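Notes for the structure review
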Amino acid sequence: ACTRVLRRLPKMPLGLIGSAAFYLASSAGMSILNKLAVTALPLPVTLVVIQMAFTTATTLCGWRLIHIGSLRDALRWGCTVPLLFNAMLVSSMFAMRHNTLGTIAVFRNIAPLFTLAIERVFRVPIEVDGPTIASLLTIVLGVGIYHAASIQFSRVGLTAIGVNIVFAVLERILQRYLLAQEPVDLSKPGMMLLNNAVGIAINGVLLVAFGEAWSAGAAGGEPPALGSVLWGLTLGQWGVVAASCANGVAISYAGLRVQQLVTATTFMVLTNANKLIVILYGAVALGERTSLSAAV
């Protein structure tokens with residue numbers, strides 16, 4: 001009987017299953033570690049720069065794996081994806097500062113509804129039937145219930161999440177287009193290098209724009225220099241930042257790998273699958289308060 005059931009299940013390549021599992025693990029870890037890291041170092045842009053610098057250095061250590069087929073493909077990717085990739089990361093850090101892990105995890109679940117609509121408009125090959133739409137609408141209903149029942153909510157926090165969702169949807173769709181529909185001749189390490197190197201250049205401007213280049217937001221007197229803020233971190237806080245950097249390398253590669261194999265909508269739904277772990281961690285380990293309705 002078990003054999004008959006297994007035979008009826010949709011057949012999936014082992015490579016896709018392994019890539020998806022690796023992405024789920026790194027995605028859950030990234031949400032948790034970013035929350036801890038931005039709490040330890042409450043300078044979102046600075047934290048993103050540190051993570052990008054680490055990923056860039058790690059990628060360059062394996063320079064033999066970096067392949068860039070042509071200048072045209074490098075520009076097609078480098079002038080588009082890194083901009084959205086950086087915007088998604090920075091807005092995610094701001095969302096982490098103003099929301100609980102549970103709130104972020106739940107509200108991000110509506111993203112597949114937008115990616116599905118956009119992919120249908122641009123006639124991306126994707127199966128859409130009644131159960132698919134019903135499942136996505138059920139997710140939206142759950143988000144609505146959580147929003148109504150959550151006791152940890154702010155308009156600033158919701159705005160940050162909304163901006164992050166917009167950038168995430170656009171970035172995933174564009175990546176999917178350049179990976180599967182009109183593919184660029186770039187290796188995964190090459191894409192990672194462009195994403196992070198270009199991101200560092202952009203964030204150099206944002207550091208000044210948000211005042212993080214010279215200020216740590218101290219109350220009264222002259223704000224301390226950024227160097228003194230970093231020097232003041234404890235060993236444990238640096239450990240959290242370092243762990244987020246290492247996880248950033250993992251999710252950078254895993255995300256590109258999976259995005260090449262599935263549609264943007266499927267990718268966003270897959271991302272949602274690990275959110276229960278994130279929500280439970282926030283409630284149990286971080287003591288984030290929630291109501292019974294919000295938990296449901």
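Please read all numbers here as calculations on a predicted model, not as lab measurements.

Details of the overall build of the protein chain
A tally of regular secondary structure across the protein chain gives 15 helices and zero strands. For the protein chain, with 296 residues in total, the buried portion stands at 46%. Across the protein chain, every contact between residues at least 6 apart in sequence was considered, and the portion connecting residues at least 24 apart equals 87%.

What to know about the nonpolar core
Core analysis: the biggest nonpolar cluster contains 52 residues, and Tyr23, Leu41 and Leu47 have the highest contact counts within it. In terms of residue count, helix α2 (residues 14-40) provides more of this core than any other element does, seven residues in total. Contact partners of Tyr23, with chain neighbours within four places excluded, come to Arg172, Ile251, Ala254, Gly255, Val258, Phe267, Leu270 and Thr271. Trp77, Val81, Val184 and Met191 belong to the second largest nonpolar core, which has 11 residues in total.

Thoughts on the packing of helix α3 (residues 44-61) against helix α10 (residues 188-209)
Where α3 contacts α10, the two axes come as close as 9 Å, and the packing angle between them is 150 degrees. The angle between α3 and α10 falls in the class roughly antiparallel. When you trace α3 past α10, the crossing you get is left-handed. On α10, the residues that touch Val45, Thr46, Val48, Val49, Met52, Ala53, Thr55, Thr56, Thr59 and Leu60 of α3 are Pro189, Met192, Leu193, Asn195, Asn196, Ala197, Gly199, Ile200, Asn203, Leu206 and Leu207.

Quick word on a nonpolar patch on the surface
A surface patch of nonpolar side chains, about 220 Å² in accessible area, is lined by Val128, Ile133 and Leu137. Structurally, Val128 can be placed in the loop between α7 (111-121) and α8 (130-149).

Considering the confidence of the model for the protein chain
One rule of thumb: low pLDDT means the predicted coordinates there are not for detailed reading. Per-residue confidence for the protein chain gives a mean pLDDT of 81, with 88% of residues at or over 70. Per-element mean pLDDT across the protein chain ranges from 50 in helix α1 (residues 2-8) up to 94 in helix α4 (residues 71-78). Note that residues 216-223 has pLDDT below 50 and, in this model, seven contacts with residues that lie over four places away or in other chains.

As for helix α5 (residues 81-98)
With 18 residues, α5 extends 26 Å from end C-alpha to end C-alpha; this agrees with the ideal 26 Å at 1.5 Å per step. α5 sits mainly inside the fold: 13 of its 18 residues count as buried.

Examining the packing of aromatic side chains
Scanning the model with the defined rule gives one aromatic pair in all. Ring geometry for Tyr23 versus Phe267: centroids 4.8 Å apart, planes at 45 degrees, classification tilted. You can see Tyr23 sitting in helix α2 and its partner Phe267 sitting in helix α13 (residues 264-272), a full 244 residues away along the chain.

Brief notes about the side chain of Ser92
By the secondary structure assignment, Ser92 is in helix α5. Apart from residues no more than four positions distant in its own chain, Ser92 is found in contact with Arg108 and Asn164.

With respect to the pattern of salt bridges
Two side chains bearing opposite charge may form a pair once their charged atoms approach each other closely. Across all of its chains, the model carries two salt bridges by this definition. Among the salt bridges present, the one from Asp73 reaches Arg76, with a minimum N-O distance of 3.3 Å. Of this pair, Asp73 and Arg76 both sit in helix α4, separated by three residues, roughly a single helical turn. Taking the relative accessible area as the measure of exposure, Arg76 reaches 21% and is therefore partly exposed. Here Arg172 ties to Glu171 by a salt bridge, and the two come within 3.3 Å at their closest N and O atoms. Glu171 carries the same exposure label as Arg172, and that label is buried.

Rules used in this analysis
Residues numbered from 1 in each chain as written. Predicted model: local features only at pLDDT ≥ 70, side-chain atom pairs only at ≥ 80, totals over all residues. Heavy atoms only, no water. Helix = DSSP H or I, 4+ residues; strand = E, 2+ residues; numbered from the N terminus. Buried < 20%, exposed > 50% of the residue type's maximum accessible area, 1.4 Å probe, protein only. Contact = heavy atoms within 4.5 Å. Core = buried A, V, L, I, M, F, W, Y, C linked by side-chain atoms within 4.5 Å. Axes fitted to C-alpha atoms, helices over the stretch in contact; angles between N-to-C directions. Parallel < 35°, antiparallel > 145°, perpendicular 65-115°, else oblique. Left-handed = near helix turned anticlockwise from the far one by under 90°. Patch = residues over 30% accessible without salt bridge, like charges linked within 9 Å, V, L, I, M, F, W, Y side chains within 5 Å. Areas by Shrake-Rupley, 256 points an atom, 1.4 Å probe, with all protein chains shown as cover. Salt bridge = Lys/Arg side-chain N within 4 Å of Asp/Glu carboxyl O. pLDDT = per-residue confidence, 0-100. Expected span 1.5 Å × (residues − 1). Phe/Tyr/Trp six-rings, centres within 6.5 Å; stacked < 30°, edge-to-face > 60°.

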